[in-house]
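# Structure at a glance
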Amino acid sequence: MDIKQLETNFDAKLSKNENIEPKDWMPDNYRKHLIRQISQHAHSEIVGMLPEGNWITRAPSLRAKMILLAKVQDEGGHGLYLYTASESLNISRDDLLEQLHTGKAKYSSIFNYPTLTWADIGAIGWLVDGAAIMNQVMLQRTSYGPYARAMVRICKEESFHQRQGYEIMCKLSVGTKEQKEMAQDALNRFWWPTLMMFGPPDAESSNSENAIKWKIKRESNDQLRQRFVNQTVPQAELIGLTIPDKNLKWNEAKNGYDFGEPDWTEFNNVIHGNGPCNKERLGARIKAHEQGRWVREAAMAFAEKKKERVAA
Amino acid sequence: MTTKEALFKYLLRLGDTSMILAQRNAEWCGHGPFLEEDLALTNISLDLLGQANSILQYAGQVEGKGRTEDDLAFHRTEREYYNHLIAEQANGDYAKTILRQFFCDAFDFYFYSELVKSKDEMLAAISAKSIKEITYHLRHSSSWVERLGNGTDESHSRMEKAMDELWRFTGEMFEMNEVDSVLIKEGIAIDLNAVRPKWENKVKEVLEKATLKIPANTFMQRGSRDAKHTEHLGFILSEMQSLPRSLPDAKW
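Report on the accompanying structure. (Residues numbered from 1 in each chain as written. Chains lettered and ligands numbered in written order. Predicted model: local features only at pLDDT ≥ 70, side-chain atom pairs only at ≥ 80, totals over all residues. Heavy atoms only, no water.)

### Observations regarding the overall build of chain B
So the rule is basically this: Runs of H or I in DSSP of at least four residues are treated as helices and runs of E of at least two as strands, each being numbered from the N terminus. Radius of gyration: C-alpha atoms only; globule rule: 2.2 Å multiplied by the number of residues to the exponent 0.38. Only heavy atoms matter for contacts: two residues are in contact if any of them lie within 4.5 Å across the pair.
Looking only at helices and strands, one finds ten helices and zero strands in chain B. The linear arrangement of helices and strands in chain B, starting from the amino end, is α-α-α-α-α-α-α-α-α-α. On C-alpha atoms alone, chain B measures out to a radius of gyration of 18 Å, which is about the 18 Å that the 2.2 N^0.38 rule sets for 252 residues. Looking at chain B alone, contacts between residues at least 24 apart form 82% of all its contacts between residues at least 6 apart.

### Topic: the nonpolar core
Convention followed: In plain words, nonpolar cores are sets of buried Ala, Val, Leu, Ile, Met, Phe, Trp, Tyr and Cys residues tied together by side-chain atoms within 4.5 Å. Burial classes follow relative accessibility: with a 1.4 Å probe on protein chains only, a residue under 20% of its type's maximum area counts as buried, one over 50% as exposed, and anything between as partly exposed.
The biggest cluster of nonpolar side chains holds 171 residues, and the ones touching the most others in it are A:W118, B:Y10, B:F103 and B:V145. Ignoring anything within four residues of it in the chain, the contact list for B:Y10 reads B:F111, B:L115, B:L123, B:V179, B:D180, B:L183, B:A189 and B:I190.

### Points about helix 5 (residues 94-115) of chain B
Defined as follows: Here, expected helix span is obtained from the residue count minus one, scaled by 1.5 Å.
For helix 5 of chain B, with 22 residues, the first-to-last C-alpha span of 30 Å sits near the 32 Å given by 1.5 Å per residue. Most of helix 5 of chain B is tucked away, with 19 of its 22 residues classed as buried.

### Here we look at the interface of chain B and chain A
Short version of the rule: In this description, buried area is defined as the sum, over both parts, of the accessible area (probe of 1.4 Å) that is lost when the two are combined. What makes a salt bridge here is a side-chain nitrogen of Lys or Arg within 4 Å of a carboxyl oxygen of Asp or Glu, nothing more.
With 49 residues of chain B at the contact, the number on the chain A side is 44 residues. Summed over both partners, the interface of chain B with chain A buries about 3,900 Å², with 71% contributed by carbon and sulfur atoms. Sorting the residues of chain B by area buried against chain A places B:L35, B:L39 and B:W252 first, and these three jointly supply 17% of that buried surface. Connecting chain B to chain A are one salt bridge. Notably, a salt bridge pairs B:E36 with A:R93, separated by 2.5 Å at the nearest N-O pair.

### Overview of unusual backbone geometry
Positive phi, normally seen in glycine, also occurs at A:N17, with a value near 60°. Among the structural elements, A:N17 can be located in the loop between helix 1 (3-15) and helix 2 (28-47). Given a relative accessible area of 47%, A:N17 falls into the partly exposed group. Not every positive phi belongs to a glycine, and B:T211 is a case in point at roughly 55°.

### Points about the side chain of B:E63
Residues and elements named next belong to chain B. Secondary-structure assignment places E63 in helix 2 (residues 35-63). Since its relative accessible area comes to 10%, E63 is described here as buried. The contact partners of E63, leaving out residues within four places of it in the chain, are K4 and F8.

### Digging into the packing of aromatic side chains
Operational definition: Aromatic pairs are defined between Phe, Tyr and Trp rings, using the six-membered ring for Trp, whenever the two ring centres lie within 6.5 Å; interplanar angles under 30 degrees are classed as stacked, those over 60 as edge-to-face, and all others as tilted. The criterion is that NZ of a Lys, or CZ of an Arg, lies within 6 Å of the ring centre and within 35 degrees of the ring normal, and then a charge sits over that ring.
In this structure the tally under the stated criterion is 22 aromatic pairs over all chains. Aromatic side chains A:F198 and A:F228 sit 5.6 Å apart centroid to centroid with 50° between the ring planes, which places their arrangement in the tilted category. Of this pair, A:F198 sits in the loop between helix 8 (177-196) and helix 9 (208-213) while A:F228 sits in helix 10 (residues 221-238), and the two are 30 residues apart along the sequence. With centroids separated by 6.2 Å and ring planes inclined at 90°, the aromatic side chains of B:Y94 and B:W144 adopt a geometry described as edge-to-face. With a gap of 50 residues between them, B:Y94 in helix 5 and B:W144 in helix 6 (residues 121-149) connect regions that are remote in the sequence. Across the pair, exposure class does not vary: B:Y94 and B:W144 are buried alike. Through a chain of ring-to-ring contacts, three or more aromatic side chains come together here, namely B:Y10, B:F102, B:F103, B:F107, B:F111, B:Y112, B:W167, B:F174 and B:W199. The positively charged end of A:R58 is found above the aromatic ring belonging to A:W55, 3.7 Å away from the centroid.

### Notes on a negative patch on the surface
All names here are of chain A. For clarity, the cut-off: Residues enter a patch when their relative accessible area is above 30% and they make no salt bridge; the linking distance is 9 Å between like charges and 5 Å between nonpolar side chains (Val, Leu, Ile, Met, Phe, Trp, Tyr). Using a 1.4 Å probe, accessible areas were evaluated by the Shrake-Rupley method; residue-level cover was limited to the displayed protein chains. For this count, His and the chain ends are skipped, Lys and Arg are scored as positive, and Asp and Glu as negative. Note that the charge is assigned to NZ on lysines, CZ on arginines, CG on aspartates and CD on glutamates.
The grouping of E87, D94, D95 and E98 at the surface amounts to a negative patch. The greatest single-element share of the negative patch, amounting to three residues, is contributed by helix 5 (residues 93-101). The residue E98 is located in helix 5 in this model. Classification of E98 as partly exposed rests on a relative accessible area of 48%.

### Details of the layout of surface pockets
Our working rule: In the cavity and pocket records, a cavity denotes points on a 1 Å grid over the protein atoms alone where a 1.4 Å probe fits but cannot get out, a pocket denotes an open set with protein on both sides within 12 Å along at least 5 of 7 lines, and lining residues are residues with an atom within 4 Å of a point. Grid points are joined across faces, edges and corners, and a volume is the space filled by probe spheres set on the points. In this classification, the charged set is Asp, Glu, Lys and Arg, the nonpolar set is Ala, Val, Leu, Ile, Met, Phe, Trp, Tyr, Cys and Pro, and all remaining amino acids, among them Gly, are polar.
Its volume calculated, the second largest pocket comes out at about 530 Å³. Taken together, 25 residues line the second largest pocket, and the ones lying closest to its centre are A:D94, A:L97, A:H289, A:R296 and B:F34. Residue assignment for the lining of the second largest pocket shows that the elements contributing at least two residues are helix 5, helix 12 (278-291) and helix 13 (293-311) of chain A together with helix 2 of chain B. When residues of the lining of the second largest pocket are assigned to their parent elements, the largest contribution, six residues, is made by helix 5 of chain A. Here the lining of the second largest pocket is built from residues that sort into eleven nonpolar, three polar and eleven charged.

### Structural notes on the environment of A:A119
Residue and element names in this part refer to chain A. For A119, the position within the fold is in helix 6 (residues 118-139). A residue is classified by how much of its surface remains accessible, and A119, at 0% relative accessible area, is buried. Taking the C-alpha atoms as reference, A119 lies 9.0 Å from G165; in sequence the two are 46 residues apart. Here A119 is in contact with M169, L172, M182, A183 and A186, once residues within four sequence places are set aside.

Below, the structure is given as structure tokens:
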């Protein structure tokens, strides 16, 4: 079959909303786009373990500790499904990690912010996981089969994460004066970086056009951002917290909120390595990988010895 | 010592050991040598936390002063903690973490296998639930002791070093005092002298496969039965308890 014919078949599948599967022919750029996006997503899960992991040993009750530990473990599990989904596009996990460690591959910029208080654990679950869900619900219908299926599984767990985050915020907001201040402070610090998670405005988003054409993405950055704001503002009001945006106003005509513009200069700084924790996050990943080398080598050497023994 | 007092102390011994070992393993979360092992260690930590939670909750009930599992975990000092010294030893490298886990798992496996027969129904029920989890933990840690001991030259020498650091803390796990004698009479606690040979056999079997030797210096450190710890515990508790202690009126 010539390329033209293959392309026609591929386009036909997309227009019928059929999934593209690993053995199907796909354009090189579609494959590249997916590897970039899925691995970025996997790296975000793994790097995302760090800011929350920062509070596991200090969680203020046994129940909170167990929930947080289980949650961070879930993120690791998500990373694992997503690396597997990436591998179905013919790239190894070692190569993917290499791209992360050398800075070639990105991860979600939100994880370059520090978790300074316990309330940040609440804010991450409520806001960051809430924003991630907006994206992931959409991705359950993404055109690449293994990615869509991983998302179905991930979405179930993410909604539990969002609830646990909101629960932490609820508890703090009915707590002592210090607890209330802690909750408001966390919202103040995480609100704008969370809005940035949806990516730059549609007019400036370089990767969006192809992603929509290939049905990898089905909604634009701005649409998802708007939906997130509409959903989150009443949740904040319900527990007496104030969204730190002077321009936030209900707009009856569009049946949604008008809201201010995130500081895109800050966003670009964080993306280019200058966020408050970029060095620490990547440093921690590289350190774990380097210090784990002898363990991985020992496991391989042992497996070889076993094989030889069986053969002999 | 009344039965109630003895049972309270016995429960602290068990609950604190699970608690502190869970806390140590949780330090690995996000930093494991590869993703699958990161998840496995976190899983073990979660199981141990669940055990600590049930045991400390029961300890609070037995004590009868209205203390919850959180009061016991977050508002006792290092001189009121009864965990085994081995549980609080620093993670070190992965060899040390795995070996520490193996010694504790092997102990817990034979210990809780006996404790399911306790006349105290709650203790028997907690043991029955825990033993399922511990069976998996022991399989995991013993397979890794074998893999690392018998892997590369580097992994072998790291395991030897870990053995040298940890062996001295294994003896006190079998130490008994008045708490044990009071409870053994009632059929609540078990005789640790009966657990010891089983533990030793298992350790011998796994170390042989791992081509590792027990160190020549077999002097045993002791202290946890009297809440006398190594210097590590103070730091573990400062970190773990910082938030509830800094805001004592807050509920979490």
